[in-house]
Protein chains: 4
Amino acid sequence: MSEPSKTPPTSKDVRPGPGRKRSEASRLAILSATRELIGELGYERLSIGGIASRAGVGKDTIYRWWPSKGMVVADAVLEEAQPFYLAPPARGGSVDQDVRAWVHALARDFVDPVRAGRIRAVTSAASEDPATAERLYERFTQVQRTGLIDRLRLAAEAGEVRPDADFGAVVDAILGSLMYWVTARRADLSIASVDSLLDVLLRGLRVAPESEPADGRKA
Amino acid sequence: MSEPSKTPPTSKDVRPGPGRKRSEASRLAILSATRELIGELGYERLSIGGIASRAGVGKDTIYRWWPSKGMVVADAVLEEAQPFYLAPPARGGSVDQDVRAWVHALARDFVDPVRAGRIRAVTSAASEDPATAERLYERFTQVQRTGLIDRLRLAAEAGEVRPDADFGAVVDAILGSLMYWVTARRADLSIASVDSLLDVLLRGLRVAPESEPADGRKA
Amino acid sequence: MSEPSKTPPTSKDVRPGPGRKRSEASRLAILSATRELIGELGYERLSIGGIASRAGVGKDTIYRWWPSKGMVVADAVLEEAQPFYLAPPARGGSVDQDVRAWVHALARDFVDPVRAGRIRAVTSAASEDPATAERLYERFTQVQRTGLIDRLRLAAEAGEVRPDADFGAVVDAILGSLMYWVTARRADLSIASVDSLLDVLLRGLRVAPESEPADGRKA
Amino acid sequence: MSEPSKTPPTSKDVRPGPGRKRSEASRLAILSATRELIGELGYERLSIGGIASRAGVGKDTIYRWWPSKGMVVADAVLEEAQPFYLAPPARGGSVDQDVRAWVHALARDFVDPVRAGRIRAVTSAASEDPATAERLYERFTQVQRTGLIDRLRLAAEAGEVRPDADFGAVVDAILGSLMYWVTARRADLSIASVDSLLDVLLRGLRVAPESEPADGRKA
DNA sequence: TTGTAACCGAGACGGTACGTCTGGTCTTCTA
DNA sequence: TAGAAGACCAGACGTACCGTCTCGGTTACAA
């Protein structure tokens, strides 16, 4: 979530040779300053020089450890990301309950203005730099995507949902909607909208009943 | 789609007073050069000066008529947008057929590399400038959204789909997925994925049958 | 003093042919606006567009009649130049009296802040455009120079001053000093300094007293 | 003569603190390019961007160390100014000999087309920016002025010239004439004219012969 | 204990693009 | 046909950042 991308200190290539160690204080100051400035200026008006100055750090210390503004922003946002929605959905209730609970928690973050601003920043970063997009996808979206897909697969095994559906497409529709509301359709995201979408999707996933008995929820 | 944003010459405020008229040739050269450069450089590396120079036009002529790079890009892309998907879906067949045909046509555009590049550019433009986002939403997304929603409402009146569903959320999921694939999940959009999502959504919208016999499509 | 240089309407070439006559009101408004703006902005920050706008005139009307900013400024300043010091020195008194009176009158103008500002403007105009320099020399400096030289020549004929002196160099020293004080040495011009210089020059011009002992050089 | 004006590194305030040192190579390249371009284009058509490009330097490097185009020009010209005429006149001969020799040397510079062009440039710079005028006066004119005045004072003490004359006004007439010839009356400067002026001035300064008859004014 | 190598802050460097302003030209409408 | 209006192409202005490169100084392992 916060290791530098240029020299990822994976356990192997650690060269403990002489020389001063990387300053953790600087790293934290940079990421923290970045989060502050995203809130104040937005991604586009954010500048490396501005981050350095706010963090009380030399520009080179940023360039030494991150390859681009986008990557700094990615790390800054990822570092403070709620661990909750990076964990997979619970498996304790019905698929409807578990998915709905997880998506609600995520949506609540998208509704918070500060976090929504960070989401937008991270989206801008991804859209102007493929490497940043890659990193964010790996560290953020893919984790959520896999977790949700796995929960749906489990439901399929349990006979709760149709096993032949394209769970990837379904999950993309959920996550894509959230992103879309926060970026293209700003200000419009509501928990109610999320629920409405889940209503349709979950109904569409339900196994075709020979004789559809009492409905689950909103019917 | 191409009127200047600073002084939209709506039929009323035409002041035929003295002074040279706006050059249509320059306007077209600017928008055309912008489209070319989006393809060559992408949105971020696009510059007003570069557009002016490619178009053989003074920078002031751009600044006179557009308030920002984003707006130029918006107009440039909108001007060449296919009229097809700005028209509403057909109403001749089943809701399934009509919606699927319309979404396929749209998706085909998102798959085309040149047009996908423009979509990405326009998305970047929107994400760095609220005014541009507003304009694009009004002229592009909202038109599509309204068209699709209306088609679903018609289907509801015809008893084809559940009348109590949140059509807005459903349509956002469709359009959001396309955007999401083209921006965050690049290179992954396929007609098959689109179809899979439509399968689930349309099934979820279908009226709950007391006794649902033979299935519609992919069952 | 104020005729345009492009088409000097000397009595002969007046072509009363068809078409609207040149607007005297515009001409005066331009020159007047120019004088105002010189006072407010100085020559360098003065612009043709600014003059046109202040005068309520199209830029083309200026370009039609004057070839450069410098020429407009030259005409604007010349138009209001005091006729006094464009007349030759009086010939009624001693050379000392007549020259001193004339130079005092001129110096009084150089001391006035508004007029000094115009002198500086006209000097800037001359130094960036040879044609303007030429025009100003002909219309302004040369008239003064010739008048003063003639007065000294008259004095030489009357035996008041040495006939073999280089009157041109002497006059250039007087006029050059004034210019120098107003441009390079700003704010320092005083009537006393002018008088001091005249003391030395006039003494130097005085005919050699009968018994001039050992001389330095050219005696 | 060449220290930056924004942070004049007077011997005391040297702060050897962190940060890259100013590049002497860039400073010299800038001043040298400026001199070249003055010769090719003249002061008015000279541009900061042009200097930067010719010097192979970023514009910021110029703006960092000089506050205006005029100051760059002032430093560029001052750096190459002949040390000769910034030294005071000799004191070895008669005042006539010493002053004439010094003025001849100066005038020879004003006659040289390259140096005359620089003088004109520096004059333009001074006339459009008071700070530049101030700097040039301090570093150039005042040095010459003081040197000449001191030589005349020495002559007064030696009884060679009248002690009650206004030496400042006399020196201004000499230097002002040179400037005037080079700027307003271009192309006219000749050593002969200079000598003619010196004839008159030095004669006017000479001590009054014993039997001074009726005088005009200040005697 | 002392090299010495990497890190740190500061900030100057060569550049690119910005958005504004001006210059001079051209076009359109009015008088 | 002149004049007012104002759009046009061109390009300089001074600013802000970019990403790189010294600087002097500070750790902290290794000899």
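Residues numbered from 1 in each chain as written. Chains lettered and ligands numbered in written order. Predicted model: local features only at pLDDT ≥ 70, side-chain atom pairs only at ≥ 80, totals over all residues. Heavy atoms only, no water.

Quick word on the overall build of chain A
Working step 1: The helix and strand inventory of chain A stands at 9 helices and 0 strands.
Working step 2: Along chain A, from the amino end to the carboxyl end, the secondary structure elements read α-α-α-α-α-α-α-α-α.
Working step 3: Looking at chain A as a whole, 49% of its 219 residues are labelled buried.
Working step 4: Of the contacts formed within chain A by residues at least 6 apart in sequence, a portion of 67% connects residues at least 24 apart.
Working step 5: For chain A, the exposed area adds up to about 10,200 Å²; of that, 55% sits on carbon and sulfur atoms. (Helix = DSSP H or I, 4+ residues; strand = E, 2+ residues; numbered from the N terminus. Buried < 20%, exposed > 50% of the residue type's maximum accessible area, 1.4 Å probe, protein only. Contact = heavy atoms within 4.5 Å. Areas by Shrake-Rupley, 256 points an atom, 1.4 Å probe, with all protein chains shown as cover.)

Side note on the interface of chain C and chain D
Working step 1: The partner chain D presents 45 residues to the 44 residues of chain C that form the contact.
Working step 2: Both sides together, the interface formed by chain C and chain D hides about 3,900 Å², and carbon and sulfur atoms give 52% of it.
Working step 3: There are 0 salt bridges connecting chain C and chain D.
Working step 4: Elements supplying a minimum of two residues to the side of chain C that touches chain D: α5 (95-111), α6 (113-128), α7 (130-157), α8 (167-182) and α9 (191-205) of chain C. (Buried area = accessible area lost by both parts, 1.4 Å probe. Salt bridge = Lys/Arg side-chain N within 4 Å of Asp/Glu carboxyl O.)

Details of the nonpolar core
Working step 1: In this structure, A:Ile62 and B:Ile62 are the most contacted members of the largest nonpolar core, which totals 133 residues.
Working step 2: Once residues lying within four places of it in the same chain are set aside, the contact partners of A:Ile62 are A:Ile30, A:Ile48, A:Ile51, A:Ala52, A:Val57 and A:Val72.
Working step 3: Ranked by size, the runner-up nonpolar core spans 132 residues in total, among them C:Leu106, C:Ala169, D:Ala173 and D:Leu178. (Core = buried A, V, L, I, M, F, W, Y, C linked by side-chain atoms within 4.5 Å.)

Here's the deal with the pattern of salt bridges
All names here are of chain A.
Working step 1: Tallying each qualifying case throughout the model produces 64 salt bridges over all chains.
Working step 2: A salt bridge links Glu-24 to Arg-27; the shortest N-O distance between them is 2.4 Å. Of the two residues, Glu-24 and Arg-27 both sit in helix α1 (residues 24-41), 3 residues apart, roughly one turn of that helix.
Working step 3: Judged by its relative accessible area of 44%, Glu-24 is partly exposed.
Working step 4: Here Asp-150 makes a salt bridge to Arg-153, at a shortest N to O gap of 3.6 Å. Highlighted residues: Asp-150 and Arg-153, both in helix α7 (residues 130-157), separated by 3 residues, approximately one helical turn.
Working step 5: With relative accessibility at 31%, the residue Asp-150 sits in the partly exposed group.
Working step 6: Accessibility expressed as a relative area gives 46% for Arg-153, which makes it partly exposed.

Quick notes on the UniProt feature "DNA-binding region" (unreviewed entry) in chain A
Working step 1: Summarizing the sequence annotation, UniProt attributes the feature "DNA-binding region" (unreviewed entry) to residues 47-66 of chain A in the numbering used throughout.
Working step 2: With 75% helix and 0% strand, residues 47-66 of chain A has its two end C-alpha atoms placed 13 Å apart. (UniProt positions renumbered as here; feature names shortened; annotations may be inferred.)

Details of the packing of aromatic side chains
Residue and element names in this part refer to chain B.
Working step 1: Taken as a whole and assessed by the stated rule, the structure comprises 0 aromatic pairs over all chains.
Working step 2: Lying across the ring of Trp-65, Arg-22 places its NZ or CZ 4.2 Å from the centre.
Working step 3: Lying over the aromatic face of Tyr-43, Lys-69 brings its terminal NZ or CZ to 4.3 Å of the ring centre. (Phe/Tyr/Trp six-rings, centres within 6.5 Å; stacked < 30°, edge-to-face > 60°. Lys NZ or Arg CZ within 6 Å of the ring centre and 35° of its normal.)

So, α9(C)
Working step 1: When the terminal C-alpha atoms of α9(C) are compared, their 21 Å separation across 15 residues agrees well with the 21 Å that a helix rising 1.5 Å per residue should span.
Working step 2: When you tally the buried positions in α9(C), you get 13 out of 15 residues, the bulk of the element. (Expected span 1.5 Å × (residues − 1).)

Examining the packing of helix α6 (residues 113-128) of chain D against helix α7 (residues 130-157) of chain D
All names here are of chain D.
Working step 1: α7 packs onto α6 with a crossing angle of 130° between their chain directions and a minimal axis gap of 5 Å. Relative to α7, the element α6 lies oblique. The handedness of the crossing between α6 and α7 comes out as left-handed. Taking contact as the criterion, the partners of Ile-119, Val-122, Ala-125, Ala-126 and Glu-128 in α6 are, on α7, Pro-130, Thr-132, Ala-133, Leu-136 and Phe-140.
Working step 2: Of the residues in the contact of α6 with α7, the class split is 8 nonpolar, 1 polar and 1 charged. (Axes fitted to C-alpha atoms, helices over the stretch in contact; angles between N-to-C directions. Parallel < 35°, antiparallel > 145°, perpendicular 65-115°, else oblique. Left-handed = near helix turned anticlockwise from the far one by under 90°. Nonpolar A, V, L, I, M, F, W, Y, C, P; charged D, E, K, R; others polar.)

Observations regarding the protein's contact with DNA strand E
Working step 1: Around DNA strand E there are 46 residues in total, and B:Lys59, B:Asp60, B:Tyr63, C:Asp60 and D:Trp65 lie nearest to it.
Working step 2: Protein-proximal atoms of DNA strand E, defined as those within 4 Å of the protein, fall in sugar or phosphate at a share of 60%.
Working step 3: Between a phosphate oxygen of DNA strand E and a side-chain N or O atom of C:Tyr63, the distance comes to 3.4 Å.
Working step 4: Backbone polar atom of D:Gly19 to a base nitrogen of DNA strand E: 3.3 Å apart, as the coordinates give it.
Working step 5: Sorting the residues of the surface near DNA strand E by element identifies α3 (59-65) of chain A, α2 (48-55) and α3 (59-65) of chain B, α2 (48-55) and α3 (59-65) of chain C together with α3 (59-65) of chain D as the ones contributing at least two each.
Working step 6: Broken down by element, the residue count for the surface near DNA strand E peaks at 5 residues, all from α3(D).
Working step 7: For the surface near DNA strand E, the residue count by class is 12 nonpolar, 18 polar and 16 charged. (Near = heavy atom within 4 Å. Polar contact = N/O pair within 3.5 Å; in protein donor to acceptor, adjacent residues only side chain to side chain.)

Regarding the environment of A:Arg91
Residue and element names in this part refer to chain A.
Working step 1: Along the polypeptide, Arg-91 turns up in the loop between α4 (69-79) and α5 (95-111).
Working step 2: The spacing of Arg-91 and Arg-151 is 60 residues in sequence and 7.1 Å in space, taken between C-alpha atoms.
Working step 3: Setting aside anything within four residues of it in sequence, one finds Arg-91 in contact with Asp-98, Asp-150, Arg-151 and Leu-154.

Regarding the relation of the copies chain C and chain D
Working step 1: Its rotation angle being 179°, the transformation that places chain C on chain D also includes 0.0 Å of axial translation and leaves an RMSD of 0.1 Å. Interpreted geometrically, this transformation is the action of a two-fold axis. Relative to the rotation axis, the closest C-alpha in chain C is found at C:Gly204, a distance of 1.7 Å. (Least-squares fit on C-alpha atoms with pLDDT ≥ 70 in both.)

Here we look at the protein's contact with DNA strand F
Working step 1: Around DNA strand F there are 48 residues in total, and A:Asp60, A:Tyr63, B:Thr61, D:Lys59 and D:Tyr63 lie nearest to it.
Working step 2: When the atoms of DNA strand F within 4 Å of the protein are sorted by group, sugar and phosphate make up 64%.
Working step 3: B:Thr61 is positioned such that a nitrogen or oxygen atom in its side chain is 2.7 Å from a phosphate oxygen of DNA strand F.
Working step 4: Residue assignment for the surface near DNA strand F shows that the elements contributing at least two residues are α2 (48-55) and α3 of chain A, α3 of chain B, α3 of chain C together with α2 (48-55) and α3 of chain D.
Working step 5: Of the residues forming the surface near DNA strand F, the biggest block, 4 residues, is contributed by α3(B).
Working step 6: Broken down by class, the residue content of the surface near DNA strand F amounts to 13 nonpolar, 18 polar and 17 charged.

A look at the confidence of the model for chain A
All names here are of chain A.
Working step 1: In this model, chain A carries an average pLDDT of 85, and 86% of its residues clear a pLDDT of 70 or more.
Working step 2: Note that residues 1-13 has pLDDT below 50 and, in this model, 27 contacts with residues that lie over four places away or in other chains.
Working step 3: Across residues 210-219 the pLDDT falls below 50, and counting only partners more than four positions away or on other chains, this stretch makes 20 contacts in the model. (pLDDT = per-residue confidence, 0-100.)

A few points about the environment of D:Ala33
Residue and element names in this part refer to chain D.
Working step 1: Turning to its location among the elements, Ala-33 is positioned in helix α1 (residues 24-41).
Working step 2: By relative accessible area, Ala-33 is classed as buried at 2%.
Working step 3: In the structure, Ala-33 is positioned 17 residues away from Gly-50 in sequence and 8.8 Å away in space, judged by C-alpha atoms.
Working step 4: Those residues in contact with Ala-33 that sit more than four places away from it in its chain are Ile-51, Arg-54 and Ala-55.

Some words on the packing of α5(C) against α6(C)
All names here are of chain C.
Working step 1: Orientation of α5 relative to α6, taken along the N-to-C sense of each, is 90°, at an axis distance of 5 Å. One element, α5, and the other, α6, form an angle in the roughly perpendicular class. Packed against α5, whose contacting residues are Asp-109, Phe-110 and Val-111, the element α6 presents Pro-113, Arg-115, Ala-116 and Ile-119 at the interface.
Working step 2: Of the residues belonging to the contact of α5 with α6, the class tally is 5 nonpolar, no polar and 2 charged.

Comments concerning the environment of A:Ala55
All names here are of chain A.
Working step 1: Mapped onto the secondary structure, Ala-55 falls in helix α2.
Working step 2: Exposure remark for Ala-55: the relative accessible area of 15% places this residue in the buried category.
Working step 3: When sequence neighbours within four positions are dropped, the list of residues in contact with Ala-55 reads Ala-29, Ile-30 and Ala-33.

Considerations on the side chain of A:Thr132
Working step 1: With respect to the helices and strands, A:Thr132 occurs in helix α7.
Working step 2: Every residue in contact with A:Thr132, bar those within four places of it in the chain, is listed here: A:Ser68, A:Gly70, A:Met71, A:Ala74, A:Ala125 and A:Ala126.

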